[in-house]
Amino acid sequence: MSRAEFKEFEVGERKFQVKRFDALTGSYIAFTLFEKILPMIMGNKDKFLGTKTPDASADSFAEMLPSTLFKMSREDFTALQKDCLKVCYEVLPAGLTPVIGANGRWGIIGVDTDTGLILRLTIEALLFNLLGFFNDGGLSSLVTSLNSTSATKSSNA
């Protein structure tokens, strides 16, 4: 089954589309967020990974995302948000219009003061692009790998 390349949703009377990150941007964002999220997961393995099989769920990630974003510096958050908004478009009769252009300027009308819409688009972009990592067992594999690496280092020390 192939992954969807975009997701469409409505906010009020407006229709938006979120596309996939390119692999380098997606990897950077994933590692940036995991840097903040992994300590919470490792400290609460039973809650997030289960007691039988490591299987971090998309729901666990979605629950941790807001508190993770709150812990970021302004510069880190702004960079993350701009990367997310670059894959967001408004669906207009003339075609897709980027929410934020490559030059960093707003590309659509009325978003420069709509904090709620910008936060919604940022979160939609993160969830659309990163939830597959959780659903496909990527985080579980990463955590298992980190655990085995830590165990190997401890036994060699």
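Structure: see above.
Criteria and thresholds
Residues numbered from 1 in each chain as written. Predicted model: local features only at pLDDT ≥ 70, side-chain atom pairs only at ≥ 80, totals over all residues. Heavy atoms only, no water. Helix = DSSP H or I, 4+ residues; strand = E, 2+ residues; numbered from the N terminus. Buried < 20%, exposed > 50% of the residue type's maximum accessible area, 1.4 Å probe, protein only. Contact = heavy atoms within 4.5 Å. Areas by Shrake-Rupley, 256 points an atom, 1.4 Å probe, with all protein chains shown as cover. Pairing = 2+ DSSP bridges. Axes fitted to C-alpha atoms, helices over the stretch in contact; angles between N-to-C directions. Core = buried A, V, L, I, M, F, W, Y, C linked by side-chain atoms within 4.5 Å. Phe/Tyr/Trp six-rings, centres within 6.5 Å; stacked < 30°, edge-to-face > 60°. Lys NZ or Arg CZ within 6 Å of the ring centre and 35° of its normal. Salt bridge = Lys/Arg side-chain N within 4 Å of Asp/Glu carboxyl O. Disulfide = S-S within 2.5 Å. Polar contact = N/O pair within 3.5 Å; in protein donor to acceptor, adjacent residues only side chain to side chain.

(A) Structural detail: the overall build of the protein. Of regular secondary structure, the protein possesses six helices and four strands. Helices and strands appear in the protein in the N-to-C order β-β-α-α-α-α-β-β-α-α. With 157 residues in all, the protein has 36% of them scored as buried. Look at the contacts in the protein between residues 6 or more apart in sequence, and 65% of them connect residues 24 or more apart. Of the roughly 9,500 Å² that the protein leaves accessible, carbon and sulfur atoms contribute 55%.

(B) Spotlight on the sheet that holds strand E2 (residues 14-19). The antiparallel open sheet is built from four strands, whose spatial order is E1-E2-E3-E4. The sheet is open, and its two edges are formed by strand E1 (6-11) and strand E4 (95-98), each paired on a single side. The sheet shows a mean angle of 35° between the axes of neighbouring strands, taken without regard to direction. The pairing of E1 with E2 spans six bridges and is antiparallel.

(C) Structural context of the environment of tyrosine 28. With respect to the helices, strands and loops of the structure, tyrosine 28 is situated in helix H1 (residues 23-43). In this structure tyrosine 28 comes out as exposed when scored by relative accessible area, which is 53%. C-alpha separation for the pair tyrosine 28 and leucine 80, spaced 52 residues apart in sequence, amounts to 9.4 Å.

(D) Broad picture of the nonpolar core. Counting 25 residues, the largest nonpolar core has Val99 and Leu121 as the members making the most contacts within it. Every element with two or more residues in this core is listed here: E2, H1, helix H4 (74-85) and helix H5 (115-135). With seven residues, the top contributor of residues to this core is H5.

(E) Focus on the packing of aromatic side chains. Applying the stated criterion across every chain yields a total of one aromatic pair. The ring of phenylalanine 128 carries arginine 20 above its face, with NZ or CZ at 4.0 Å from the centroid.

(F) Here's a closer look at the pattern of salt bridges. Throughout the structure, instances matching the rule amount to four salt bridges. We note a salt bridge from lysine 15 to glutamate 8, for which the minimum N-O separation is 3.2 Å. Looking at glutamate 8, the relative accessible area reads 35%, which means it is partly exposed. Each of the salt bridges in this network shares a partner with another, and the network as a whole consists of Lys7, Arg120 and Glu124.

(G) A look at the state of the cysteines. Evaluated as defined, the whole model comprises zero disulfides. With no disulfide partner, cysteine 84 has as its closest neighbouring cysteine sulfur the one in cysteine 88, 7.1 Å distant. Looking at cysteine 84, the relative accessible area reads 0%, which means it is buried.

(H) Local environment of the side chain of glutamine 17. Its location among the elements puts glutamine 17 in strand E2. Reaching out from glutamine 17, the side chain makes a polar contact with the side chain of glutamate 8 at a distance of 2.8 Å. Not counting the four nearest positions on each side in its chain, glutamine 17 is found in contact with Phe6, Lys7, Glu8, Val87, Cys88, Tyr89, Val91 and Leu96.

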